[in-house]
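Observations on the model geometry
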Amino acid sequence: MTIPLQPDQLYTACNISQFDFETTDQLAELTEIIGQDRALQALHFGIGIQQQGYNLYVLGPIGLGKHTVVREYLQEQAAHKAAAADWCYINNFAKPQEPLAVRLDAGQAPVFSKDMLQLVEDLRSAIPSAFEAEEYHARVQEIENELKQTMETAFNQLADEAETHNITLIRTPHGFAFAPVHEKEVVSQKEFEKLPVKEQERIQQIIASLEDKLAAVLRQQPQWQREARNKVKALNQEVVMFAAGHLVDELKTKYLTNPVLQQYLDDVLQDVINNLDDFQHEEESGELMGIQLGEKAGFRRYAVNVLVSHVDHDGAPVVFADSPTYPNLVGAVEHTAQMGTLVTNFTLIKSGALHKANGGYLIIDIVKLLQQPYAWEGLKRALSSREIKIQSLAQVYSLISTVSLEPEPIPLDIKVVLIGDRMLYYLLHEYDPEFKQLFKVAADFDDRLPRTDDNQLVYARLIATLVRRNQLRPFHRDAVARVIEHSARIAEDAEKLSTEIMNVADLLREADHWAAMAQHPVVHREDIQKALDTQVYRQDRIREHLQEQITRGTLLIDTDGAKIGQINGLAVIELGDYAFATPTRITATARLGDGEVIDIEREVELGGATHSKGVFILSAFLGQRYAGNRPLSLSASLVFEQSYGQIDGDSASMAELCALLSTLADIPIKQNFAITGSVNQHGQAQAIGGVNEKIEGFFDICNARGLTGGQAVLIPDSNIKHLMLRHDVIDACRNKRFAIYAYNTVDEAIAILTGADAETINDRVEQRLIELEKYREEFSKAARTATESPDENE
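Residues numbered from 1 in each chain as written. Predicted model: local features only at pLDDT ≥ 70, side-chain atom pairs only at ≥ 80, totals over all residues. Heavy atoms only, no water.

1. A look at the confidence of the model for the protein
Selection rule: pLDDT expresses, on a scale from 0 to 100, how confident the predictor is about each individual residue. Helix numbers and strand numbers start at the N terminus; a helix is a DSSP run of H or I with at least 4 residues, a strand a run of E with at least 2.
This prediction gives the protein a mean pLDDT of 87; 93% of its residues lie at or above 70. Across the protein, the secondary-structure element scoring lowest on mean pLDDT is strand E8 (residues 291-293), at 46, and the one scoring highest is strand E28 (residues 673-675), at 96.

2. Examining unusual backbone geometry
The phi angle at Tyr-374 is positive, at roughly 65 degrees, despite the residue not being glycine. Mapping Tyr-374 onto the fold places it in the loop between helix H12 (366-371) and helix H13 (375-385).

3. Re the pairing of strand E24 (residues 578-592)
Along a regular strand, successive side chains alternate from one face of the sheet to the other. Filter applied, for reference: Between any two strands, pairing holds if DSSP finds at least two bridges.
Sheet topology places strand E23 (residues 566-575) next to E24; ten bridges connect them, and they run antiparallel. Its bridge partner being in E24, Glu-574 is matched across the sheet by Ala-579. Hairpin connection of E23 to E24: two residues between the antiparallel strands, including Gly-576 at a positive phi of 65 degrees. Relative to strand E26 (residues 634-640), E24 runs antiparallel, the two sharing seven bridges. Its bridge partner lying in E26, Arg-591 is registered against Ser-635.

4. Comments concerning the packing of helix H17 (residues 453-469) against helix H19 (residues 501-517)
Worth spelling out the cut-off: Fitted lines through C-alpha atoms serve as axes, helices being fitted only where they are in contact, and the angles separating the N-to-C directions of these axes extend from 0 to 180 degrees. Small angles under 35 degrees read as roughly parallel and large ones over 145 as roughly antiparallel, with 65 to 115 read as roughly perpendicular and the rest as oblique. Each crossing gets its hand from how the near helix is turned against the far one by less than a right angle, where anticlockwise is left-handed and clockwise is right-handed. Should any heavy atoms of two residues lie within 4.5 Å, those residues are considered in contact. Side-chain classes follow a simple rule in which Ala, Val, Leu, Ile, Met, Phe, Trp, Tyr, Cys and Pro form the nonpolar group, Asp, Glu, Lys and Arg form the charged group, and the remainder, Gly included, forms the polar group.
Look at H17 against H19: their axes get within 10 Å of each other, and the N-to-C directions meet at 60 degrees. It follows from the interaxial angle that H17 and H19 lie oblique. Note that H17 runs across H19; the crossing there is right-handed. Where H17 abuts H19, its residues Tyr-459, Leu-462, Ile-463, Leu-466 and Val-467 lie against Ile-501, Val-504, Ala-505 and Leu-508. Taken together, the residues of the contact of H17 with H19 break down into nine nonpolar, no polar and no charged.

5. Here we look at helix H15 (residues 422-431)
Short version of the rule: Throughout this description, buried means an accessible area under 20% of the type-specific maximum (1.4 Å probe, protein chains only), exposed means over 50%, and partly exposed covers the range between. Read the arc as the range of directions from the helix axis to the C-beta atoms. Counted as a polar contact is a pair of N or O atoms within 3.5 Å, where, for protein atoms, one must be capable of donating a hydrogen and the other of accepting one, and residues adjacent in sequence contribute only when both atoms are in side chains.
Leu-424, Tyr-425 and Leu-428 are the residues of H15 that are buried. Along the axis of H15, the buried residues cluster in a sector spanning 105 degrees; they form a single face. Set apart from the buried face of H15 by more than 90 degrees, the exposed residues are Met-423, Glu-430 and Tyr-431. Looking at the buried side of H15, the elements it contacts are strand E1 (56-59), H12, H13, helix H16 (433-438) and strand E19 (441-444). Two to three positions downstream of the cap, the backbone nitrogen of Met-423 sits 3.4 Å from a side-chain oxygen, assigning the N-cap of H15 to Asp-421.

6. Quick word on the pattern of salt bridges
Using the following cut-off: Definition used for salt bridges: Asp or Glu carboxyl oxygen within 4 Å of a side-chain nitrogen of Lys or Arg.
This model, assessed by the stated rule, comprises 32 salt bridges. The shortest N-O distance in the salt bridge between Glu-377 and Lys-380 comes to 3.2 Å. On the criterion of helical spacing, the pair formed by Glu-377 and Lys-380 is a turn pair, its members being three residues apart in helix H13. The class of Lys-380 is buried, set by a relative accessible area of 3%. The salt bridge involving Arg-768 is made with Glu-771; its shortest N-O contact spans 3.5 Å. Of this pair, Arg-768 and Glu-771 both sit in helix H28 (residues 758-793), separated by three residues, roughly a single helical turn. Since its relative accessible area comes to 37%, Glu-771 is described here as partly exposed. If you follow the salt bridges from partner to partner, you end up with Arg-489, Asp-540, Arg-543, Glu-693, Glu-696, Asp-700, Arg-726 and Asp-728 in one network.

Written as structure tokens, this is what we have:
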């Protein structure tokens with residue numbers, strides 16, 4: 001006779017006597033991570049190895065504290081590393097569309113930016129002052145006088161030569177002209193015409209020669225002016241060098257070790273010389289068409305765009321990309337609207353998370369990353385090329401042809417840590433070839449750890465740590481024990497503890513709240529239980545509704561009597577983070593056929609693949625046990641009654657098999673039993689999930705109708721170690737008002753369910769199958785006879 005499980009097998013309590021403390025105030029804070037040795041070793045390896053492609057993917061379920069563990073570990077490692085470099089963009093005077101990237105020591109980029117602002121301010125003061133000096137004006141006047149003297153000398157020489165020929169050089173409003181003179185008077189046209197023809201021709205030849213020489217002088221005049229301007233320009237350059245050279249030289253000396261800045265400052269000085277007008281005139285501001293005008297844009301070209309600075313950081317940066325869009329990762333070139341036109345410049349280049357974490361560590365939630373268009377591709381491109389190239393998506397994919405900035409790429413030295421679940425890791429590893437090249441280290445966080453005495457003590461310290469971090473009341477050791485017991489329930493294993501820190505922390509906070517409501521200075525076991533009960537109550541509406549449907553007879557579930565081919569199965573329903581179970585009626589029918597077991601759920605596409613697999617295994621068991629040497633001559637149907645949604649999983653395959661055996665043996669199944677468990681081809685019971693919820697689900701229905709002492713749930717023997725049942729269930733079992741049986745095979749299960757011994761049931765099943773085989777042979781013979789008769793008559 002099968003004996004029900006004992007109460008101590010239904011719940012593994014935490015032994016409070018092992019705790020040498022009264023409250024968590026007496027426990028030291030936990031500094032290490034519990035139960036994650038494998039993941040921590042992977043983190044050590046991935047962060048320590050300095051090779052390309054050894055970025056990390058941290059995988060595990062939500063709620064394990066992966067983000068916190070990774071962030072704290074990286075911050076600890078970053079503190080021992082050198083501070084990351086600053087990066088800034090400066091103007092490229094040769095190619096303004098291609099700004100230059102400059103690397104500076106940590107904290108130096110803002111200093112350099114201020115130095116450039118001060119330089120421009122000093123230049124705007126020093127240069128006008130230098131050009132207003134009397135010495136400068138005297139030297140400019142000297143150049144002008146020299147030009148004037150040169151031109152006067154040329155004209156005077158030409159006038160003297162003309163005078164030797166009695167011809168004078170006349171300056172008119174329209175230019176220069178030559179005219180003959182007589183006794184120092186200009187000869188009029190009438191008097192000139194009175195002269196002999198030969199004399200007129202001689203004078204005209206002389207005038208023509210003088211005009212040629214005049215034209216040569218006039219042609220040389222622009223050259224003289226150009227030379228004068230060059231002298232003024234050289235003078236201006238000399239003045240600028242005098243006024244600004246030492247200012248630039250001071251900066252060059254300050255940044256002597258940076259060759260990029262050395263060349264840049266030379267270019268700045270040359271640009272100042274080339275654009276003196278910007279410094280010689282006061283800047284104007286005001287409004288134009290309602291638009292406020294600020295400082296002249298010309299001075300913006302000397303600005304420094306500090307892309308990223310680590311002035312207040314010790315060690316390497318640790319950055320968490322909360323919104324990993326494409327521009328937030330790789331940076332962007334922004335635009336401003338001016339007079340209805342979008343314009344940009346190098347000061348509008350904005351940094352991304354890769355810039356901020358360069359030289360350190362970047363943490364990204366893989367789900368958020370994959371949700372953003374092109375962000376994943378942008379990250380892979382940066383890691384593969386080991387540089388950050390700021391491009392808009394329109395440039396990357398050639399969607400537009402407009403000219404924009406092309407900032408110089410910045411070298412990338414970074415460790416990227418992706419955090420996500422296991423499914424995404426395996427999908428990316430399978431379908432994205434670049435993923436396995438760029439993320440070679442997997443840090444797999446376990447969601448359970450062994451429930452040993454040592455681990456329970458460590459878990460107590462974890463609870464104490466969470467209590468302090470959340471500034472909660474001290475927890476009594478009986479409360480700590482209840483939390484540990486609930487942790488085993490979360491782990492669905494009495495021999496394991498859950499590492500889902502988020503759930504534990506939530507429970508502690510809620511228990512503290514109820515302790516405060518009860519004015520308890522210390523949180524006790526009853527406060528923990530109150531928190532657990534209220535958690536269930538907040539999410540229990542649908543379970544109560546289904547239970548009401550059963551107790552009122554809307555959903556047909558029997559908890560007494562016995563029926564052939566009908567059994568109580570147990571189904572788990574998950575709604576968010578709350579799971580509960582409810583009994584479901586499973587029925588089986590059998591008739592003459594060709595060995596097919598019809599799964600009605602599958603036929604109507606309501607059954608999942610795993611459920612269909614269970615039915616096929618059930619069919620294979622029937623053939624192996626009862627029809628090894630002959631055809632299986634039956635057709636059977638299995639259905640979940642009053643089930644209108646998807647059904648999956650094989651945890652009801654044992655119930656389906658028992659219902660079918662009941663039909664074939666014509667022996668009723670006791671309806672005060674419910675059963676769960678899967679079956680293999682040899683009839684052995686296999687463990688299933690949600691065993692606690694399933695037992696409690698049937699218990700709640702029986703309790704609502706009234707416990708009789710004959711109601712029970714059958715579970716696979718391999719599920720005993722998973723039991724962490726509610727105390728009301730345990731109390732009912734202790735008082736013999738409810739029972740839980742464990743079984744190993746289908747024979748044990750059907751014997752408990754029917755009250756008949758397995759041998760009798762198997763014999764009756766076999767006899768029924770033999771009868772069906774005989775009927776099949778008779779029908780086949782009759783069919784052959786009917787087919788042959790027309791030929792004989794002919």
